[in-house]
Amino acid sequence: SAVISQKPSRDICQRGTSLTIQCQVDSQVTMMFWYRQQPGQSLTLIATANQGSEATYESGFVIDKFPISRPNLTFSTLTVSNLSPEDSSIYLCSVGNGGMGSPLHFGNGTRLTVT
Amino acid sequence: SQKIEQNSEALNIQEGKTATLTCNYTNYSPAYLQWYRQDPGRGPVFLLLIRENEKEKRKERLKVTFDTTLKQSLFHITASQPADSATYLCALLTSGGSYIPTFGRGTSLIVHP
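Bear in mind that the values here come from a model prediction, so they are computed numbers and not experimental data.

**Some thoughts on the overall build of chain B**
Turning to step 1, where the next piece is worked out: The secondary structure content of chain B amounts to zero helices and eleven strands.
Turning to step 2, where the next piece is worked out: Listing each helix as α and each strand as β along chain B from the N terminus yields β-β-β-β-β-β-β-β-β-β-β.
Turning to step 3, where the next piece is worked out: For 113 residues, the compact-globule estimate of 2.2 N^0.38 gives 13 Å, and the C-alpha radius of gyration of chain B, at 14 Å, lies within 12% of that figure.
Turning to step 4, where the next piece is worked out: Considering only C-alpha atoms, chain B reaches an extent of 45 × 30 × 20 Å along its principal axes.
Turning to step 5, where the next piece is worked out: Counting every position in chain B, which comprises 113 residues, the buried fraction comes to 43%.
Turning to step 6, where the next piece is worked out: When contacts within chain B are restricted to residue pairs at least 6 apart in sequence, long-range pairs at least 24 apart make up 55% of them.
Turning to step 7, where the next piece is worked out: When the accessible area of chain B is evaluated, it comes to approximately 5700 Å², of which 46% is carbon and sulfur surface.

If you want it as structure tokens, here you go:
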């Protein structure tokens, strides 16, 4: 299965700043996703990162707050903008081959704390 | 509204016993159901997939059942070991073309030596 490297693994940021998270995969993948996992909560899909075009955002998530890039089939970034304490969470990069039922593979996540 | 329910309370069992975790869902018609394991500070790791027309799936010490009438999946770990301690997430994929699973919040399993 794909090996996913996510950076940084954790960060502490001040309110009003932004954090960019990088996701690097060791092989070309069809689908890349960004999830958020708040303490005690389920994984919530933020968006699907589309190669060469704008990401597809889920309800409740907008491009201005969570801009995403995917310049090629092995790399994506998620930026969390204009940070507030409510953005404190774990952000996870995930990849899949797009087949129905096929498993997702996850990076180890970025733990963000906003002060 | 659609819901995936997993017991929020941790399951504590003794080593060697069988752990049984439950995933209930409402207002879904899942075509597939997946189970993942998540350790602290790590991303989820895929364990098993079961299709709607399958009643049971096994992999080594793991067994998953899927009852679409009860709208429930059970996840069993036999001969449990302390190394099995982790959070276990179920995830549903519905028929209709979406290939992105929706996750439950997971149940923590603690196996005591």
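From this point on, the discussion continues.
**Regarding the sheet that holds strand S3 (residues 19-26) of chain B**
Residues and elements named next belong to chain B.
Turning to step 1, where the next piece is worked out: Sheet architecture is open: five strands sit in the order S1-S3-S8-S7-S6, paired in antiparallel fashion. The two strands at the open ends of the sheet, each matched to only one other strand, are strand S1 (3-6) and strand S6 (56-59). Across the sheet, the mean angle from the axis of one strand to that of its neighbour is 15°, orientation sign disregarded.
Turning to step 2, where the next piece is worked out: As judged from the six bridges shared by strand S7 (residues 62-67) and strand S8 (residues 72-77), these two strands associate in the antiparallel manner. The residue bridging Phe 66 from the neighbouring strand is Ser 73, located in S8.

**Brief notes about the side chain of Gln37(A)**
Turning to step 1, where the next piece is worked out: Its location among the elements puts Gln37(A) in strand S4 (residues 31-37).
Turning to step 2, where the next piece is worked out: Polar contacts involving the side chain of Gln37(A) include one to the side chain of Gln38(B), which spans 2.9 Å.
Turning to step 3, where the next piece is worked out: Leaving out residues up to four positions away in the same chain, Gln37(A) has contacts with Ser42(A), Leu43(A), Ser89(A), Ile90(A), Leu92(A) and Gln38(B).

**Notes on the sheet that holds strand S7 (residues 68-72) of chain A**
Residue and element names in this part refer to chain A.
Turning to step 1, where the next piece is worked out: On the basis of which strands lie adjacent, the open sheet formed by four strands has the order S1-S3-S8-S7 and antiparallel pairing. Pairing within the sheet leaves two strands with one partner each, and these edge strands are strand S1 (4-7) and S7. Sheet twist, expressed as the average angle between the axes of neighbouring strands with direction ignored, equals 15°.
Turning to step 2, where the next piece is worked out: In this structure, strand S3 (residues 19-25) lies alongside strand S8 (residues 75-80), joined through six bridges in antiparallel fashion. Bridge pairing in S8 places Thr 20 opposite Thr 79.

Rules used in this analysis
- Residues numbered from 1 in each chain as written.
- Chains lettered and ligands numbered in written order.
- Predicted model: local features only at pLDDT ≥ 70, side-chain atom pairs only at ≥ 80, totals over all residues.
- Heavy atoms only, no water.
- Helix = DSSP H or I, 4+ residues; strand = E, 2+ residues; numbered from the N terminus.
- Rg over C-alpha atoms; globule rule 2.2 N^0.38 Å.
- Buried < 20%, exposed > 50% of the residue type's maximum accessible area, 1.4 Å probe, protein only.
- Contact = heavy atoms within 4.5 Å.
- Areas by Shrake-Rupley, 256 points an atom, 1.4 Å probe, with all protein chains shown as cover.
- Pairing = 2+ DSSP bridges.
- Axes fitted to C-alpha atoms, helices over the stretch in contact; angles between N-to-C directions.
- Polar contact = N/O pair within 3.5 Å; in protein donor to acceptor, adjacent residues only side chain to side chain.

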